[in-house]
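A structural walkthrough
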Amino acid sequence: MAKTISYITGSDLLSLKERASVAIVDVRDDERSYEGHIAGSLHFASDSFQDRIPNLVQTVKDKGKDTLVFHCALSQVRGPKCARRFADYLAAGKDDAGIKSIMVLERGYNGWEASGKPVCRCSGTTCKGGC
Ligand SMILES: [Zn+2]
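Residues numbered from 1 in each chain as written. Predicted model: local features only at pLDDT ≥ 70, side-chain atom pairs only at ≥ 80, totals over all residues. Heavy atoms only, no water.

Just so we agree on the cut-off: UniProt positions are given in the numbering used here, feature names are shortened, and annotations may be inferred rather than shown by experiment.
An unreviewed UniProt entry lists the protein under the name arsenate reductase (glutathione/glutaredoxin), with Helianthus annuus given as the organism. Reading the Catalytic activity (unreviewed entry) entry of the UniProt record for the protein gives the comment "[glutaredoxin]-dithiol + arsenate + glutathione + H(+) = glutathionyl-S-S-[glutaredoxin] + arsenite + H2O".

Following this line, the structure appears as structure tokens:
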């Protein structure tokens, strides 16, 4: 089953992310540790993304997510590439993990922060999203 990837604006994501079924997947690499991040986002660095796809699938199943929003710094290279790899992985398997929608955040984290949207600067490997 082929999955299509759509784009979402920061403003739309800001309201969408309040839904419990939405997971934000940050695929930046080292930048996440010294720049902020979107509260509650999962971190799956692009350099190890392919190997960790099964882990991401399990995570979204455990958390009951059906909508994934990928982003990197600008969402021009790493974000769309990882979203495509994830979609291809689901398409190749028998199990779609209950994912209904795969999206990429337009303009990435940099655009999100530049437009004044809330960022979290916790240093935990798993962001609890409450900061
Ligand atoms: Zn955080």
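What follows picks up the thread again.
What to know about the environment of Asn110
For clarity, the threshold we go by: Helix numbers and strand numbers start at the N terminus; a helix is a DSSP run of H or I with at least 4 residues, a strand a run of E with at least 2. Whether two residues are in contact is decided by their heavy atoms: any pair within 4.5 Å suffices.
Assignment of secondary structure puts Asn110 in helix H5 (residues 108-114). Separated by 42 residues in the primary sequence, Asn110 and Leu68 have C-alpha atoms spaced 19 Å apart. Setting aside its immediate chain neighbours within four residues, Asn110 contacts Glu35, Ala73 and Leu74.

Regarding the coordination of the zinc ion
Under the convention used in this document: Only nitrogen, oxygen and sulfur atoms within 2.8 Å of the metal, or 3.2 Å for Na, K and Ca, are treated as donors, and water is left out, so sites may look incomplete. Tetrahedral means four donors with every angle between 85 and 135 degrees, whereas square planar (four donors) and octahedral (six donors) require angles over 155 degrees between opposite donors and between 65 and 115 for all others; sites fitting neither are termed irregular. When a residue's accessible area, from a 1.4 Å probe over protein chains only, is under 20% of the maximum for its type it is buried; when over 50% it is exposed; and in between it is partly exposed.
Protein-derived ligands of the zinc ion are His37 (NE2), Cys120 (SG), Cys122 (SG) and Cys127 (SG), with the metal-ligand distances lying across 2.2 to 2.3 Å. Of note is the zinc ion, whose four donor atoms meet at the metal with angles of 101 to 118 degrees in an arrangement that counts as tetrahedral. For the zinc ion, the donor residues sit on a single chain with the sequence spacing H-x82-C-x1-C-x4-C. Remark: Cys127 occurs in the segment after H5 and His37 occurs in the loop between helix H2 (31-34) and strand S3 (42-43); sequence separation between them is 90 residues. The two residues His37 and Cys127 agree in class, both being buried.

Considerations on the nonpolar core
Cut-off, in case you're wondering: Each nonpolar core is a collection of buried residues, namely Ala, Val, Leu, Ile, Met, Phe, Trp, Tyr and Cys, held together in the definition by side-chain atoms within 4.5 Å.
With 22 residues, the main nonpolar core has Phe49, Leu56, Leu68, Phe70 and Phe86 as its most contacted residues. For this core, the secondary-structure elements that each account for two or more residues are strand S2 (22-26), helix H3 (49-63), strand S4 (67-71), helix H4 (78-92) and strand S5 (101-105). Residues contacting Leu56, with those up to four places away along its chain left out, are Val25, Leu42, Phe44, Phe49, Leu68, Phe70 and Phe86. Within the second largest apolar cluster, eleven residues are counted, among which are Ile24, Ile38, Leu105 and Tyr109.

Some details on the pattern of salt bridges
As a reminder of what qualifies: By convention in these notes, a salt bridge is any Lys or Arg side-chain nitrogen within 4 Å of a carboxyl oxygen on Asp or Glu.
Counted under the stated rule, the structure contains nine salt bridges. As a salt-bridge pair, Asp66 and Lys100 come within 3.3 Å of each other at their nearest N and O atoms. Taken together, the residues span a long stretch of sequence, with Asp66 in the loop between H3 and S4 and Lys100 in the loop between H4 and S5 at a distance of 34 residues. Asp66 sits in the buried class, given a relative accessible area of 15%. Under the relative-accessibility criterion, Lys100 is labelled exposed at 65%. A salt bridge links Asp88 to Arg84, with the nearest nitrogen and oxygen atoms 3.3 Å apart. Residue Asp88 and its partner Arg84 are located together in helix H4, separated by four residues, close to a single helical turn. Given the relative accessible area of 40%, Asp88 is considered partly exposed. Arg84 sits in the partly exposed class, given a relative accessible area of 38%. Because the salt bridges share partners, they merge into one network encompassing Asp26, Arg28, Arg32 and Glu35.

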